[in-house]
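Descriptive structure summary
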Amino acid sequence: MIIVANWKAKVADLKTAKALVATARKINDSRGNKVIVAPPFPFLAALALPKTKLTFAGQDISATDGGAQTGEVTAPMLSASGARYVIIGHSERRALGDTDQVVAEKVKKALAGGLLPIVCIGERTRDADAQYLHFIRTQLQSVYEAVPKKDVEKIMLAYEPIWAIGKSAEHAITPDDLTEMVNYIRKVLAQLTTKKIADATDILYGGAVEDTNAHALTHETGVAGALVGHASSNPKSFLSLAKALS
Ligand code: PGA
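Procedures and definitions
Residues numbered from 1 in each chain as written. Predicted model: local features only at pLDDT ≥ 70, side-chain atom pairs only at ≥ 80, totals over all residues. Heavy atoms only, no water. Pairing = 2+ DSSP bridges. Helix = DSSP H or I, 4+ residues; strand = E, 2+ residues; numbered from the N terminus. Axes fitted to C-alpha atoms, helices over the stretch in contact; angles between N-to-C directions. Near = heavy atom within 4 Å. Polar contact = N/O pair within 3.5 Å; in protein donor to acceptor, adjacent residues only side chain to side chain. Areas by Shrake-Rupley, 256 points an atom, 1.4 Å probe, with all protein chains shown as cover. Nonpolar A, V, L, I, M, F, W, Y, C, P; charged D, E, K, R; others polar. Core = buried A, V, L, I, M, F, W, Y, C linked by side-chain atoms within 4.5 Å. Buried < 20%, exposed > 50% of the residue type's maximum accessible area, 1.4 Å probe, protein only. Contact = heavy atoms within 4.5 Å. Salt bridge = Lys/Arg side-chain N within 4 Å of Asp/Glu carboxyl O. 1 Å grid on protein atoms, 1.4 Å probe; cavity = no way out; pocket = protein on both sides within 12 Å on 5 of 7 lines; lining within 4 Å. Points joined across faces, edges and corners; volume = space filled by probe spheres on them. Parallel < 35°, antiparallel > 145°, perpendicular 65-115°, else oblique. Left-handed = near helix turned anticlockwise from the far one by under 90°.

Overall, parallel pairing links the 8 strands, which are arranged β1-β2-β3-β4-β5-β6-β7-β8 in a closed barrel. Strand-to-strand twist across the sheet, computed as the mean angle between neighbouring axes with direction ignored, equals 25°. As judged from the 3 bridges shared by strand β6 (residues 156-159) and strand β7 (residues 203-206), these two strands associate in the parallel manner. When the sheet's bridge partners are listed, Leu157 is paired in β7 with Ile203.

Structural data, given as structure tokens:
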């Protein structure tokens, strides 16, 4: 299982961050889990040391090439700080202005800078007419049509319905609905790329994953793992989630 630990801005000091990394290492070593830790930018370089033996991700990336861009963190900076992956298009970034075009630009910058993008997609609400499926298709289209064909297989997807994010387990999607969404995403991917790439693309689920629902959501739903927010930013809940996963 792939477990992306998205700490968001919930971890405020290096001591807590190091304790969480120690937990992530335990989880990574056991039961075939691959943990990708996404700390806040200022902690990345201090945590992502070769001896840590963990994989790291940025939580976002600049759509620019750097230069006179106050506050921007570019792909080469993230890479130099030890990140291998980068989360792009998280709904919390989209809410702050990242349009589909900006997300596509960021994915291109990540790939050009040698980072592997974890692209988040997900609808705000569900409607009886299934308009949300068109919404997901558009999100996928804008990324896959912008990225050079040779690079599309490097993209990992995270399906994160916005209505579930930050909630407790009972508000997550049901395993049946998740299976349906994963099948739909693969169908769209096959149209945008090839069936081979669609089948090989890792799709994660994110949104209210906790220890009580982690197993049901990640087994027999077609996902490769989970993108975990609040449950990954506390050692106790992270460990118990990892136990539940296997
Ligand atoms: P959550 O967040 O696990 O706290 O719902 C997931 C996410 O936003 O990536």
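In the neighbourhood of the ligand, the contacting residues comprise Asn6, Lys8, His90, Glu160, Ile165, Gly166, Gly207, Ala208, Leu227, Val228, Gly229 and His230. His90 has a polar side-chain atom sitting 2.7 Å from an oxygen atom of the ligand. Backbone polar atom of Gly229 to an oxygen atom of the ligand: 2.8 Å apart, as the coordinates give it. Within the complex, 99% of the 280 Å² of free accessible area of the ligand lies under protein. Its residues assigned to classes, the shell around the ligand comprises 4 nonpolar, 6 polar and 2 charged.

By size, the foremost hydrophobic cluster in this structure holds 68 residues, and its most contacted members are Leu140 and Tyr205. In terms of residues, this core owes the most to one element, helix α7 (residues 175-192), which gives 8 residues. Setting aside chain neighbours within four positions, we find Leu140 in contact with Ile121, Leu157, Ile185, Val188, Leu189 and Leu192. Core analysis: the second largest hydrophobic core is formed by 15 residues, Ile2, Met156, Leu204 and Leu227 among them.

In total, this model carries 12 salt bridges according to the counting rule given. Of the charged contacts in the structure, one is a salt bridge between Asp151 and Lys150, with a shortest N-O distance of 3.2 Å. Where salt bridges share partners, they join Asp60, Arg93, Asp98 and Lys106 into one cluster.

With that settled, the discussion passes to the environment of Gly122. You can see Gly122 is positioned in the loop between β5 (116-121) and α6 (131-144). A relative accessible area of 4% means that Gly122 is categorised as buried. Spatially, the C-alpha atom of Gly122 lies 9.9 Å from that of Ala164, the residues being 42 residues apart in sequence. Leaving out residues up to four positions away in the same chain, Gly122 has contacts with Phe135, Ile136, Gln139, Tyr159, Glu160, Pro161 and Ile162.

A few words now on empty space enclosed by the protein. Over the atoms rolls a probe the size of a water molecule, and its path tells where empty space is left. Evaluated as defined, the whole model comprises 1 cavity of 30 Å³ or more. Roughly 40 Å³ of internal volume is contained in the largest cavity. In this structure, the largest cavity is lined by Gly89, Ser91, Arg94, Cys120, Ile121, Gly122, Gln139, Glu160 and Ile162. Elements supplying a minimum of two residues to the lining of the largest cavity: α4 (91-94) and β5.

Extensive coverage of β5 is indicated by the burial of 6 of its 6 residues. Here β5 shows no split at all, with Leu116, Ile118 and Cys120 on one side and Pro117, Val119 and Ile121 on the other all buried. In the sheet, strand β4 (residues 85-88) pairs with β5 via 4 bridges, with the strands oriented parallel. Residue pairing across strands places Val86 opposite Pro117, the latter belonging to β5. Taken together, the 4 bridges between β5 and β6 define a ladder with parallel strand orientation.

Before going further, it helps to spend a moment on the packing of helix α5 (residues 100-112) against α6. The N-to-C vectors of α5 and α6 enclose an angle of 40°; their axes lie 8 Å apart at closest approach. Of the possible angle classes, the one that applies to α5 and α6 is oblique. Note on packing geometry: the crossing formed by α5 with α6 is right-handed. Across the interface between the two elements, Asp100, Val103, Ala104 and Val107 of α5 pack against Thr138, Gln139, Ser142 and Val143 of α6.

Just distances and angles here, no functional claims.
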